[in-house]
Amino acid sequence: MTAASVAQRQHLVGAVLVTLGMAATVGGALGFEHIGGYIPCALCLLQRNPYYYGIPLGILAIVASAIKLPAWITRTLLLLVGILMLVGAGLGVYHSGVEWHFWEGPSTCATTAQGVSSDVGDLLGDLDAKHAPSCTDAALRVFGLSFAGWNVITSLVLAAIALRGAAKA
């Protein structure tokens, strides 16, 4: 194998891994929301944005590598994905700090409560029963980390994969 083909394979593997990782992460978040019933707060929704922007860039990096476009295109796309994942990690650190009360969160950190009935008779009962989430309270902790904390770890791992894939072989 030539050095160019090894580098191209490294770029393709990095692009596939990071794109699948981003899709699985945001898919898991959507699953917790729509299947598990965890209503995301405004900061939770904000943390999804790097994934929403990164997945199409990752797909473009896969295509660019698969059709053998110049390597700089794939490297640039992976670099952008890596930067987005670092931004995602920063957002996760900020949200985790808000949850642990290390610093104040935004003053208007709430989303609308989902699942409120459209039936007028049930509307008042639903409004009393449904409450929008707060950015300062973690909905769930697994091994001591909230969703925001796990997002920090996941974003850093995905950033490392993207940046390693972007590096020349």
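The preceding data block contains the structure.
Draft legend 1. Examining the overall build of the protein more closely. For the protein, the count of helices and strands is five helices and zero strands. Counting across all 169 residues of the protein, residues that qualify as buried make up 33%. The contacts in the protein between residues at least 6 apart in sequence include a share of 75% that link residues at least 24 apart.

Draft legend 2. Examining unusual backbone geometry more closely. At lysine 68, a position not held by glycine, the phi torsion is positive, near 60 degrees. Along the chain, lysine 68 turns up in the loop between helix H2 (42–66) and helix H3 (71–99).

Draft legend 3. Representation of the nonpolar core within the structure. Counting 18 residues, the largest nonpolar core has Val18, Met22, Tyr51, Leu78, Val81, Met85 and Leu158 as the members making the most contacts within it. If you list the elements that add at least two residues to this core, you get helix H1 (3–34), H2, H3 and helix H5 (147–166).

Draft legend 4. Quick peek at the environment of valine 93. By the element assignment, valine 93 lies in helix H3. Looking at valine 93, the relative accessible area reads 43%, which means it is partly exposed. Separated by 60 residues in the primary sequence, valine 93 and isoleucine 153 have C-alpha atoms spaced 9.6 Å apart. Not counting the four nearest positions on each side in its chain, valine 93 is found in contact with Trp103 and Val152.

Conventions used here
- Residues numbered from 1 in each chain as written.
- Predicted model: local features only at pLDDT ≥ 70, side-chain atom pairs only at ≥ 80, totals over all residues.
- Heavy atoms only, no water.
- Helix = DSSP H or I, 4+ residues; strand = E, 2+ residues; numbered from the N terminus.
- Buried < 20%, exposed > 50% of the residue type's maximum accessible area, 1.4 Å probe, protein only.
- Contact = heavy atoms within 4.5 Å.
- Core = buried A, V, L, I, M, F, W, Y, C linked by side-chain atoms within 4.5 Å.

No statement about biological role is implied by the geometric values presented.
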